[in-house]
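Listed below, chain by chain, are the residues.
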Amino acid sequence: MITAVVMTILCLSISGLILMRVHDERTMERNHLNHDAAMRAAALLARGDLPPVHADPSVTALQVIDPTGRIVSTSPSMEGRPPLASFAPPPGRLGAERTLCRVPGSGDACLLVSVQRAPRSHGDWMIYAAAPAYPWYVSGRLLAPLLLGCALIVAFTTLGARRIVITSLRPVEAIRAKLSKITTTELGHRVPVPQPRDEIHDLAGTVNTTLDMLDAALTRERRFTADASHDLRSPVTAMRTQVEEALLHPDETDWPAVARALLASLERLHAIVADLMELRRLDADAGAPMMPVDLNELIVRELARRPQGKTIVSDCRPALVRGDRVQLLRLLTNLLDNAERHATSTVHVTLHCEQGEVALVVHDDGSGIPVHQREVVFQRFARLDAARNKDAGGSGLGLPIAREIARHHGGTLTIEDSSRGARFVARIPLYRPPHRPGTIRGHLDPA
């Protein structure tokens, strides 16, 4: 509808301009003819002759009026009629033109009247020549093709716009139909992507990408929920079995031993719940305010308080980062716990700065992790078969939490190549104190 209205206005405007242009040209041409007829009559008067009393073929009416206002010569069409007009050329000019309506004897038609002054010794003679004025539409032969052309242009434009709109909206309708079929239980549908690479093509691609991400997130959450339920059920089942066995033979049960076993299961259950809460908090990006933290000091204190187990060799230098001290300590302890569980005898901890980042490296001398399984260990509740054999009580959340903490601090946690064992590298942006005017800015030497 908008296209039809706009095109109609445009076509009518252009047609109006065409009619105005043709009307002006035809009017100017007819005024020239009137002027020429009046000039011929003036030339006859200059020779002392009156214009012949017959119609000039170039004009409709011709009148010659003497200085007393008497019609002395007229064309046959104006015989016995009053003067065509009474206007005269302005001072200093010999001729003028006007369009007059309601001229006596001409009915309702308007006339183009030209007047020519012929000065004589005893006064000025006036010669009036007239021809019918053109209507605003010039003629029906011109108006009809213009209106027909406008109608055809508006019709074709409207139909073309309608076809374009329908063709453009057909993919949108297909996208809407597919989206209406998607539910929380059926995320396998994907919207059709049209062939033309336009905005709708990009929209469909973005929708499919979003659906893929949503499907992957929902699958991950379902797997996480299933794994969490399984890991939470295991200690609960173990505790229930221990209690039921003890109740079958209460007199023969070593209740302190049962309590210690239950306490171990409760500690594992508590650790799993605490890890789940920590993951929820990290997923929500909620945490304490970020403050400058010296990772070297954090490592020294953690190694000093840890019980003597595997040999831990540290080679650390001062490195300042901006973060949450508690979370960074959790990152360190998770990496150390994982390394001690899988190390044969020694764990190496190094800390150094490189390219604006602090690199925390925890390297054990264990059996290592295959390249194709390096990302698997960062999945929640994911434990390799070797890890399950060595640590059946682990929750499978330590490394995922460590990676989330690194990500929360704008860094990364990856497993890099090593000649032996697993080499975990956490990279966190180096903190540089802002420069304050009037103070000497400290310089942190990476070496």
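Residues numbered from 1 in each chain as written. Predicted model: local features only at pLDDT ≥ 70, side-chain atom pairs only at ≥ 80, totals over all residues. Heavy atoms only, no water.

Caption draft 1: Molecular detail of the side chain of D364. By secondary structure assignment, the location of D364 is in strand 10 (residues 357-364). Residues in contact with D364, not counting those within four places in the same chain, are A339, H342, A343, T346, V347, R420, G421 and A422. (Helix = DSSP H or I, 4+ residues; strand = E, 2+ residues; numbered from the N terminus. Contact = heavy atoms within 4.5 Å.)

Caption draft 2: Spotlight on the packing of helix 5 (residues 295-305) against helix 6 (residues 325-342). For the pair helix 5 and helix 6, the least separation of the axes is 11 Å and the interaxial angle reads 55 degrees. On the basis of their axis angle, the class for helix 5 and helix 6 is oblique. Crossing handedness for the pair helix 5 and helix 6: right-handed. From helix 5, L295, E297, L298, I299, R301, E302, L303 and R305 reach across to helix 6, where they touch R325, L328, L329, L332, T333 and L336. Looking at the contact of helix 5 with helix 6 residue by residue, the classes come out as eight nonpolar, one polar and five charged. (Axes fitted to C-alpha atoms, helices over the stretch in contact; angles between N-to-C directions. Parallel < 35°, antiparallel > 145°, perpendicular 65-115°, else oblique. Left-handed = near helix turned anticlockwise from the far one by under 90°. Nonpolar A, V, L, I, M, F, W, Y, C, P; charged D, E, K, R; others polar.)

Caption draft 3: Quick peek at the state of the cysteines. Under the defined criterion, the tally for this structure stands at one disulfide. The disulfide partner of C101 is C110, and the gap between their sulfur atoms is 1.8 Å. Sign of the S-S torsion, about 100 degrees for the bond between C101 and C110, identifies this disulfide as right-handed. Residue classification places C101 among the partly exposed positions, given a relative accessible area of 43%. Of all cysteine sulfurs, the one in C150 lies closest to C11, which takes part in no disulfide; the gap is 4.5 Å. (Disulfide = S-S within 2.5 Å. Buried < 20%, exposed > 50% of the residue type's maximum accessible area, 1.4 Å probe, protein only.)

Caption draft 4: Geometry of the nonpolar core. Core analysis: the largest hydrophobic core is formed by 44 residues, its most contacted members being L331, L335, L413 and F424. With six residues, the single largest contributor to this core is helix 6. Residue contacts for L413: discarding those within four places in its chain leaves L331, L335, F378, L399, A402, R403, A406, F424, V425 and A426. Listed in part, the 15 residues of the second largest apolar core include M78, A96, L100 and A130. (Core = buried A, V, L, I, M, F, W, Y, C linked by side-chain atoms within 4.5 Å.)

Caption draft 5: Representation of the packing of helix 6 against helix 8 (residues 398-408) within the structure. Contact geometry for helix 6 and helix 8: axes closest at 9 Å, N-to-C directions at 145 degrees. Taken as a pair, helix 6 and helix 8 cross one another with a handedness that is left-handed. Only G398, L399, I401, A402, I405 and H408 of helix 8 make contact with helix 6, whose side of the interface consists of Q327, L328, R330, L331, N334, L335 and N338. Its residues placed into classes, the contact of helix 6 with helix 8 shows seven nonpolar, five polar and one charged.

Caption draft 6: Here's a closer look at the sheet that holds strand 10. A sheet is described by the order of its strands in space; here five strands give the open sequence 7-9-10-12-11, paired in mixed fashion. Of all strands in the sheet, those bounded by a partner on one side alone are strand 7 (311-316) and strand 11 (412-416). Along the sheet, successive strands turn relative to each other by an average axial angle of 15 degrees, direction set aside. Pairing analysis gives six bridges linking strand 7 to strand 9 (residues 346-354), with the strands arranged parallel. For T311, the partnering residue across the bridge sits in strand 9 and is T346. Against the sheet, helix 8 touches strand 11 and strand 12 (423-429), its axis set at about 125 degrees to strand 11. (Pairing = 2+ DSSP bridges.)

Caption draft 7: Just the packing of aromatic side chains, in detail. Scanning all chains against the criterion turns up three aromatic pairs. Residues W136 and Y137 carry aromatic rings whose centres are separated by 5.3 Å and whose planes lie at 85 degrees to one another, so their mutual orientation is edge-to-face. Aromatic pair F378 and F424: ring centres 6.2 Å apart, planes at 80 degrees, arrangement edge-to-face. With F378 in the loop between strand 10 and helix 7 (385-390) and F424 in strand 12, the pair connects residues that are 46 residues apart, well separated along the chain. There is no split in this pair, since F378 and F424 are both buried. (Phe/Tyr/Trp six-rings, centres within 6.5 Å; stacked < 30°, edge-to-face > 60°.)

Caption draft 8: Spotlight on the sheet that holds strand 3 (residues 95-100). Pairing in this open sheet of five strands is antiparallel, and the strands run 2-1-5-4-3 from one edge to the other. Each having just a single partner strand, strand 2 (71-74) and strand 3 make up the two edges of the open sheet. Here the average twist between neighbouring strands, direction ignored, is 20 degrees. The sheet contact formed by strand 1 (residues 61-65) and strand 2 spans three bridges and is antiparallel. Paired with V64 across the strands is S73, a residue of strand 2. Seen against the sheet, helix 1 (residues 2-46) touches strand 1, strand 3, strand 4 (111-120) and strand 5 (123-132) and runs at an angle of roughly 25 degrees to strand 4.

Caption draft 9: Fine view of empty space enclosed by the protein. As enumerated under the stated definition, the model contains two cavities of 30 Å³ or more in all. What the largest cavity holds in volume is close to 50 Å³. Lining the largest cavity, in full, are L295, L298, I299, L328, L331, L332, L360 and I428. Split by residue class, the lining of the largest cavity holds eight nonpolar, no polar and no charged. (1 Å grid on protein atoms, 1.4 Å probe; cavity = no way out; pocket = protein on both sides within 12 Å on 5 of 7 lines; lining within 4 Å. Points joined across faces, edges and corners; volume = space filled by probe spheres on them.)

Caption draft 10: Structural view of the pattern of salt bridges. Throughout the structure, instances matching the rule amount to 18 salt bridges. A salt bridge links D212 to R190, with the nearest nitrogen and oxygen atoms 2.6 Å apart. Taken as a pair, D212 in helix 3 (residues 199-248) and R190 in the loop between helix 2 (140-180) and helix 3 lie far apart in primary sequence, 22 residues in all. Overall, D212 belongs to the partly exposed group, its relative accessible area being 39%. (Salt bridge = Lys/Arg side-chain N within 4 Å of Asp/Glu carboxyl O.)

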